[in-house]
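For reference, the chains in residue letters:
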Amino acid sequence: MKLILCKLQVICDHLSLGVKTGLPYLWHSKASNPFVNLKKEYKGIFWQEDIIPFFQNATLPKECDTVQKCYISLSEQVKEKLGKIDPYFVKLADAMVTWIEAWDELNPSDAVVASGNGKAAAK
């Protein structure tokens, strides 16, 4: 969750957007085993030495004028700079691109309308 917030903060700062925070709309109250959690998350303790400075210093080019462009640019930086730490970050960067592609496919921009054959066509 913290990694998601770091990505969101970098993009919102770049685009001069505000972020509203607060209690989650869904509340997870399931009891969990702290030892199982530690085993799943222990790498993050070591990774934070690189991740925190990475997000503190991440910059996005001026050409990135949409959230999608920012996210793609950030994914490239994650792959390049954090991919050296662990293969997880290469997979994360690839998943970030996939997420944007899926988002754009399911939420076409105003410049794109559906043609009669079901494929997107430019206006």
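Every value quoted in this text rests on a predicted model; they were computed, and no experiment measured them.

1. Quick word on the overall build of the protein chain
Scanning the protein chain from terminus to terminus reveals 4 helices and 2 strands. Listed by position from the N terminus, the elements making up the protein chain come as α-α-α-α-β-β. Within the span of the protein chain, comprising 123 residues, buried residues form 22% of the whole. Approximately 9,900 Å² of the protein chain is accessible, and the part contributed by carbon and sulfur atoms is 60%.

2. Overview of the confidence of the model for the protein chain
A residue-level look at the protein chain finds 81% of positions with pLDDT of 70 or above and a mean pLDDT of 84. Low confidence marks residues 113-117, where pLDDT is under 50. Its contacts with residues over four positions away, or in another chain, come to 6 contacts.

3. Here we look at the side chain of Ser73
Mapped onto the elements of the fold, Ser73 is located in helix 3 (residues 67-82). The buried category is assigned to Ser73, whose relative accessible area is 9%. Other than its neighbours up to four places away in sequence, Ser73 contacts Leu60, Pro61 and Cys64.

4. Some remarks on a nonpolar patch on the surface
A surface patch of nonpolar side chains, amounting to about 430 Å² of accessible area, comprises Leu38, Tyr42, Ile45 and Phe46. Its location among the elements puts Phe46 in helix 2 (residues 34-57).

5. With respect to helix 3
With 16 residues, helix 3 should cover 22 Å at 1.5 Å per step; its first-to-last C-alpha distance of 21 Å lies within 8% of that length. When helix 3 is considered as a whole, its buried residues turn out to be Cys70, Tyr71, Ser73, Leu74, Ser75, Gln77, Val78 and Leu82.

6. Considerations on unusual backbone geometry
Backbone phi values are negative for most residues with the exception of glycine, while trans is the configuration of most peptide bonds. Despite not being glycine, Ser16 has its phi angle at roughly 55°, a positive value. Mapping Ser16 onto the fold places it in the loop between helix 1 (2-15) and helix 2.

7. Some words on the packing of aromatic side chains
The tally for this structure, following the rule as stated, stands at 6 aromatic pairs. On the basis of an interplanar angle of 20° and a centroid distance of 5.4 Å, the ring pair of Trp47 and Tyr88 is categorised as stacked. Separated by 41 residues along the polypeptide, Trp47 in helix 2 and Tyr88 in helix 4 (residues 87-106) bring together distant segments of the chain. In this structure Trp47 comes out as buried when scored by relative accessible area, which is 15%. A relative accessible area of 38% means that Tyr88 is categorised as partly exposed. One aromatic cluster is present, formed by Trp47, Tyr88 and Phe89 through successive ring pairs.

8. Re the environment of Ser75
Mapping Ser75 onto the fold places it in helix 3. By relative accessible area, Ser75 is classed as buried at 2%. Taking the C-alpha atoms as reference, Ser75 lies 6.9 Å from Val97; in sequence the two are 22 residues apart. What Ser75 contacts, discounting residues up to four positions off in sequence, is Ala93, Met96 and Val97. A distance of 2.6 Å separates the side chain of Ser75 from the backbone oxygen of Ile72, its partner in a polar contact.

What counts as what
The numbers attached to residues start from 1 for each chain and follow its sequence in the written order. Two thresholds apply to this predicted model, a pLDDT of at least 70 for residue-level local features and 80 or more for giving and counting side-chain atom pairs, whereas whole-chain, interface and lining totals are computed over all residues. Where side-chain values are given, they derive from all heavy atoms of the structure, hydrogens and water being excluded. Under the DSSP-based scheme used, a helix requires at least four consecutive residues in state H or I and a strand at least two consecutive residues in state E, with every element numbered from the N terminus. For the exposure calls, accessible area comes from a 1.4 Å probe over protein chains only, and a residue counts as buried if that area is under 20% of its type's maximum, exposed if over 50%, partly exposed in between. Per-residue and other accessible areas follow the Shrake-Rupley method at a 1.4 Å probe size, with only the shown protein chains counted as cover for residues. pLDDT runs from 0 to 100 and stands for how confident the predictor is about each residue. Any two residues whose heavy atoms approach within 4.5 Å are treated as being in contact. Residues qualify for a patch when their relative accessible area is over 30% and they have no salt bridge, like charges being joined within 9 Å and the nonpolar side chains of Val, Leu, Ile, Met, Phe, Trp and Tyr within 5 Å. Any carboxyl oxygen of Asp or Glu that lies within 4 Å of a side-chain nitrogen of Lys or Arg is treated as forming a salt bridge with it. Expected span of a helix: the number of residues minus one, times 1.5 Å. Centre distance within 6.5 Å is the pairing criterion for rings of Phe, Tyr and Trp, where only the six-membered ring of Trp is used; planes under 30 degrees apart are then read as stacked, over 60 as edge-to-face, and the remainder as tilted. Polar contact is defined as a pair of N or O atoms within 3.5 Å, subject to the rule that within protein one atom must be able to donate a hydrogen and the other to accept it, and that residues adjacent in sequence are counted only when both atoms are side-chain atoms.

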